[in-house]
Amino acid sequence: MITVSRLLRQPATLVCLAFLLLLVVAAVAAPWLAPYDPSAVNVTGRLEGPSAAHWLGTDELGRDQLSRLIYGTRIALRASVQAVGLALVLGVPAGLVIGYFGGWWDRVAMRVVDAVSSIPALLLAFGVIALLGRGLTNAMLGVSVIFAIQLLRLTRGMVLAERELPYVDAARVLGLSAPRIMFGQILPNVAGPLIVQSSIYLGFAQLFEAMLSFLGLGVDVGDASWGQMLDRSRAYVGDQPWLPVFPGLAIMLTVLAFNLIGDGLRDAMSGARAPAPTWKPPPVRLVPAEPTRALLSVRSLTVAFPGAATVVEDVSFDIAEGEVFGLVGESGSGKTMTALALAGLLPPPGAVTQGSVRLAGRELLGLPDHELAALRGPEIGMIFQDPQSALSPVHTIGRQLIEPLRTHEGLSRRAALDRAAELLTLVGVPDARRRLGDHPHQFSGGMAQRVVIARALAAGPRLLIADEPTTALDVTVQCQVLDLLLDLRERFGMTILLITHDLGVVADVCDRVAVMRAGRIVEQAPVGGLFTTPEHPYTAALLAASGGAHA
Amino acid sequence: MPDRPLLRVENLRVSYEMGRTLWKARRFDAVKDVSFTVAAGETFGLVGESGSGKSTTGRAVLRLVRPAAGTIEFDGHDLGAFGPRTPRWYRQAVQVVFQDPLASLNPRHLVAKTLTLALRAGNDGGTGGVDELLDQVGLARELGGRYPAELSGGQRQRVAIARALAVRPRLVICDEAVSALDVSTQSQIIELLLKLQRELSLSLLFISHDLAVVRRISHQVGVMHLGSLVEQGGAEEVYRRPRHAYTRMLLDSAPVPDPVVQRERRARRRAPQELTEEEA
Amino acid sequence: MRKLILSRLVALPPMLLLVSVVVFLLTRVGVDPTRQMLGEGASEAQRAALRQQLGYDQPLVVQFGSWLGQVFRGDLGTSFFTQQPIVSSLAERLPVTLAMVAGGTLLAIAVGVPAGIWGALRAGSAIDRMITAVTSAGLAMPGFWLALLLMLFFAVELRWFPVLGFTRFADGPGMWAYGLVLPCVALGLHSAAVIARQTRGAMAETLRAPYVRALRAVGTPRRRIVYRYALRNAMVPILTAAGHEVVVLLAVSFVVERVFAIPGTGTLILDAVVRNDVPVLQGGIVLVACLVVLINLAVDVGYGLLDPKARPQ
């Protein structure tokens, strides 16, 4: 499947898999691979360094380190696989059941889980040893219990989220039995993270095995285990400093291999992540443009994602001072990318490849980010579709509202807060003073959008770019927010670029409108004309689909 | 009785747990005292804003939530008498199409597998197969070999509809079934639903926040607000002569794609006073 | 805030009760201490007498009740072997353990958080890749092995630090602290890798968040976005990682003690395991579990401070 083929394209993961394969071979073929008997004592050749006869040297009894290391692989792998295997068998089904049924079972089980997991794995292993006697299997049992509990937690958490999804509801409505929904529908969808976690636990188990053996609680003294080799080396490092090096390296590389495979799996399953924002815009080919009297003048704007499609192609339009200009289109038409390109806020790796964007005669494309930042606020304001996500959830509204006032107007904190309260009142947030101390989650969607509008207006922009400002809102609230926008435009003589998919909204507030489709503008007209005599067939189809015909 | 309604909901109340202290849960009524009927072969449109309780009403009919009070009758059978396990015949009689077409399909299953599971759930000697289902919803047969992520939004929603049809239901609940789609896709899906209704004489409970869409598809309409059904009646009746103030406000708020109408409305809104506040 | 702490404190006693049940069951059920104490040769009558003397002949519930009553009064019993009161031996050894854990944690945060931020801000650059490689190696490195190597290099080879001789606090606080430097470094570096990784991931995530774009849209300078907004939002996952690491350090410190021959809590508990000294083992595990519960409480309160949604309404 896709995941496997992605995995095979990660060199690091392949190297790790090869290394693990090597370990398995070493474990299986130890008697043939090891140059010496791992427990053959040789008092004359004690504590030797690496040499041709003993590649990794000998220990305090003259035993060959390399042979012991190879035999140690057996214990390392067995302990890891046992511990994680048992944990999966115990933890995953329990997590599925608890998460799926919820209720009292869940509450009681989770309290017990909390109690048990407040005992660190190492101490639980101590307890199990006290209970069942010494030995690696017993010791790893304690570790296994903790892994099982953590897998239970992980599974439960994912199931809680998964069972709210409509595909699970659909399965219930079809009458599928609970076990079939849990194991047939939900389990495949939570398996990915569980596999990743198991790989990481295999590494952890290796660390625990080493620690327990190091403490003398693991394998019998005769057997060779990496941790035990380290324990023995403690007393003799003064005489032979090489002693602790190789067993430790073996542990570290094994754990590293398990961890990196886990990481690789996670990356392969989640696909490529969006890169973080860059503050350096890539170079642009400026298109020479004749001067216009428009406030905003866009010429031949083209936005592309390297290696992927061109999302905006050759888009040109003018917006006159004081106008409300609508950019309308369906999803994927490139309207939002156009808006973000104007403000220099394209998500990387997207970038403007060519064009010209002039605001009051000044070219914006190619400006370094700090110069653009100085314009964002006093010249260009922007509001987004989802007001809640446009606000930092852990900061107060007041703190976020004063940002532009402090940045652009250099107001003191107190003066900025006073202005912020005025602004909130202006956009219709009641009890503004007190609400400055509230956090975003204490606001409804409509009120949050008012807050975001207030922030966008704080530095008095000449152009306001509103990207689907009412799409996330209910119709009655949408109506209020649109009224507010028009009201503010009149009061401050603002120019508005409104991005929307809703022709009703266009009809309501816009003076002129451009229709976008597949990255291009197909038609541009004053609102009256567009609705009565659409020129382009796509516009006509859009109008018909929106119920424009019989409104 | 020939004109007995297929679905009768009476005085339905559903409450949710808001949070709990050690001993008792704080509850909140999402649906209070809602009554309506859905006639066989007709569409009942349930319209309202977020938090109005329209989806919860649908989930109660689907038995995904347990009502706190009231009765739901399907074809004369009282759902309250079912006990904890919903009988198989009811699971086959009532199906659902959800809003999010991607999340409502299991992402790890091929389309064909999703449909096979549904067919098997409803299997009592029927003849149809996956291909017939795909034909029925207007999808190419080779799409059965794809994962939901490889389909467009409209195609996914067609698969979801096909899954609902697999058990040959009598009532399909469409919970915001077209709300996540672009307008042109929306009308195609609505056309499909209307076609299926004609061919299979399906009843639909069509839940949506979109007034225009509900008007296009419904015979009867109910308007919900804060958990209550504030108005119901024939679709044209409600839209042309709304009686309840909330319905009027809702109708006035939803912008229609006609600048002339919008300009008039705006003028009317401006006249009495400035903005009104609906929350503190 | 007071409400949050209060609600957590109310949940504490039932939690501790549950923990004590688990510990009790773990260390008492099916354990016959007489075999260890009297040796294999003892007669059944001798064993029965000792069992009666220790109260092991009573029903489990009664044993639990009397044990819990003792614990409640601050009495964890006496060791089977040394006959010393367990509370005083634990009290004697706890400070050095706590010092190591605190030192390790501080080092881990001081190194890990800046490294993570640095990596996230230069995501994909050579520096970021180097930090990622070092943290991956750090994550895989057993803490006690690092301790061993540090000792080998700085104490055995360079002789900057004493090799084994642990100085008690009472005999010289300066030397005491000096002796704890290497253990703290060994403990801290591994956790620093964990915290760096978590910080990098969380920062990269918050820098992609829509509110960062919205803040840029009003011209907020980059430094303010990164340090005031993104970092503050990333604190929640970082706190989770740090809280978890404190617990890990507590356990790993027991192993590191052995490397440096420090007589801390771990050595006490380990001896108890080896000798099957049930009361000491019980007491030790109860103590550690209570510490973990308190650490979790602190983390929970921290969530409340950092995230307004985690505060009770």
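What counts, and at which threshold
- Residues numbered from 1 in each chain as written.
- Chains lettered and ligands numbered in written order.
- Predicted model: local features only at pLDDT ≥ 70, side-chain atom pairs only at ≥ 80, totals over all residues.
- Heavy atoms only, no water.
- UniProt positions renumbered as here; feature names shortened; annotations may be inferred.
- Helix = DSSP H or I, 4+ residues; strand = E, 2+ residues; numbered from the N terminus.
- Buried < 20%, exposed > 50% of the residue type's maximum accessible area, 1.4 Å probe, protein only.
- Areas by Shrake-Rupley, 256 points an atom, 1.4 Å probe, with all protein chains shown as cover.
- Lys, Arg positive; Asp, Glu negative; His and termini not counted.
- Charge placed at Lys NZ, Arg CZ, Asp CG, Glu CD.
- Pairing = 2+ DSSP bridges.
- Axes fitted to C-alpha atoms, helices over the stretch in contact; angles between N-to-C directions.
- Contact = heavy atoms within 4.5 Å.
- Core = buried A, V, L, I, M, F, W, Y, C linked by side-chain atoms within 4.5 Å.
- Domains from an automatic or database assignment.
- Patch = residues over 30% accessible without salt bridge, like charges linked within 9 Å, V, L, I, M, F, W, Y side chains within 5 Å.
- Salt bridge = Lys/Arg side-chain N within 4 Å of Asp/Glu carboxyl O.
- Parallel < 35°, antiparallel > 145°, perpendicular 65-115°, else oblique.
- Nonpolar A, V, L, I, M, F, W, Y, C, P; charged D, E, K, R; others polar.
- Buried area = accessible area lost by both parts, 1.4 Å probe.
- Polar contact = N/O pair within 3.5 Å; in protein donor to acceptor, adjacent residues only side chain to side chain.

In UniProt, chain B has this text filed under Sequence similarities (unreviewed entry): "Belongs to the ABC transporter superfamily."

An unreviewed UniProt entry annotates chain A as Peptide/nickel transport system permease protein of Nonomuraea endophytica.

Asks: What's the story with the overall build of chain B in this structure? I'm lost.
Replies: The helix and strand inventory of chain B stands at 10 helices and 10 strands. Across its three principal axes, chain B shows a C-alpha extent of roughly 65 × 50 × 45 Å. Here chain B holds 280 residues, and 50% of them are scored as buried. Entry remark: accessible area of chain B is about 13200 Å², with carbon and sulfur atoms responsible for 50%. A gap of 4 Å separates the mean positions of the 39 positive and 33 negative side-chain charges of chain B.

Asks: Explain the sheet that holds strand 10 (residues 228-234) of chain B here, please?
Replies: Where strands meet in a sheet, backbone hydrogen bonds hold them as pairs that are either parallel or antiparallel. Residue and element names in this part refer to chain B. One open sheet holds the 6 strands; their spatial order is 6-7-8-3-9-10, and the pairing between them is mixed. One side of each edge strand has no neighbouring strand; the edge strands of this open sheet are strand 6 (94-97) and strand 10. Ignoring which end each strand starts from, the neighbouring axes of this sheet average 15 degrees apart. Each of strand 3 (43-48), strand 7 (171-175) and strand 8 (203-208) is contacted by helix 6 (residues 183-200), which is oriented at about 160 degrees to strand 8, the strand it contacts most.

Asks: Looking at this structure, I do not really get the nonpolar core. What am I missing?
Replies: As a rule of thumb, nonpolar side chains are buried together in soluble globular proteins. Core analysis: the largest hydrophobic core is formed by 200 residues, its most contacted members being A:Phe126, A:Ile186, A:Leu212 and B:Ile161. Here this core takes 16 residues from helix 9 (residues 178-214) of chain A, the largest share from any one element. Aside from chain neighbours lying at most four places away, what touches A:Phe126 is A:Leu212, A:Leu215, A:Leu217, C:Ile269, C:Leu270, C:Val273 and C:Leu281. By size, the runner-up hydrophobic cluster in this structure holds 95 residues, among which are A:Leu375, A:Met382, A:Ala454 and A:Leu530.

Asks: In this structure, what is going on with the UniProt feature "domain: ABC transporter" (unreviewed entry) in chain A? I would like to understand it.
Replies: UniProt marks residues 296-543 of chain A with the feature "domain: ABC transporter" (unreviewed entry), using the numbering shown here. Split by type, residues 296-543 of chain A is 40% helix and 25% strand. Its first and last C-alpha atoms lie 27 Å apart.

Asks: Please clarify how unusual backbone geometry should be interpreted in this entry.
Replies: With the exception of glycine, most residues fall at negative phi, and the peptide bonds are largely trans. Here the bond from A:Pro348 into A:Pro349 is cis, since omega is 5 degrees, no more than 30 degrees from zero. Relative to the helices and strands, A:Pro349 resides in the loop between helix 12 (335-343) and strand 5 (351-359). With a phi angle near 55 degrees, B:Asp33 is a residue other than glycine that sits in the positive phi range. In this fold, B:Asp33 is placed in strand 2 (residues 25-38). The class for B:Asp33 is exposed, based on a relative accessible area of 52%. Despite not being glycine, B:Arg63 has its phi angle at roughly 60 degrees, a positive value.

Asks: I tried to follow the domain arrangement of chain A on my own but got confused; where do I start?
Replies: Accessible area lost upon the coming together of the parts serves often as the stated size of an interface. We note that the domain assignment places domain 1 (75-270) and domain 2 (285-545) within chain A. Here domain 1 of chain A and domain 2 of chain A have C-alpha centroids that lie 50 Å from each other.

Asks: I tried to follow a nonpolar patch on the surface on my own but got confused; where do I start?
Replies: All names here are of chain C. A grouping of Phe-153, Leu-158, Trp-160, Met-175, Tyr-178 and Val-181 is seen on the molecular surface, where their side chains present a nonpolar patch of about 570 Å² in accessible area. It is helix 8 (residues 173-207) that provides the largest number of residues to the nonpolar patch, a total of 3 residues. Within the element layout of this structure, Phe-153 appears in helix 7 (residues 143-157).

Asks: Looking at this model, I keep getting lost on the packing of helix 10 (residues 222-260) of chain C against helix 12 (residues 278-306) of chain C. Mind explaining?
Replies: Describing two packed helices takes the angle between their axes plus the distance from one axis to the other. All names here are of chain C. Following both chains from N to C, one finds helix 10 and helix 12 inclined at 170 degrees, their axes separated by 10 Å at the closest point. Classed by the angle they form, the pair helix 10 and helix 12 counts as roughly antiparallel. Residues Arg-232, Met-235, Val-236, Leu-239, Thr-240, Gly-243, Val-246, Val-247, Leu-250 and Phe-254 of helix 10 form the contact with helix 12, whose own contacting residues are Val-288, Leu-291, Val-292, Ile-295, Val-299, Gly-302, Tyr-303, Leu-305 and Leu-306. When grouped by side-chain class, the residues that make up the contact of helix 10 with helix 12 number 15 nonpolar, 3 polar and 1 charged.

Asks: What exactly am I supposed to notice about the interface of chain C and chain A here?
Replies: Taken together, the contacts link 66 residues of chain C with 78 residues of chain A. With both sides pooled, the region where chain C packs onto chain A buries about 6500 Å², and carbon together with sulfur makes up 70% of that total. At the boundary of chain C and chain A, one finds 5 salt bridges. When the shortest N-O distance is used, the salt bridge between C:Arg228 and A:Glu403 registers 3.4 Å. The interface formed by chain C and chain A contains 17 residue pairs in polar contact (both at pLDDT 80 or more). Mapped by element, the contributors of at least two residues to the side of chain C that touches chain A are helix 1 (2-28), helix 6 (126-140), helix 7, helix 8, helix 9 (210-217), helix 10, helix 11 (265-275) and helix 12 of chain C.

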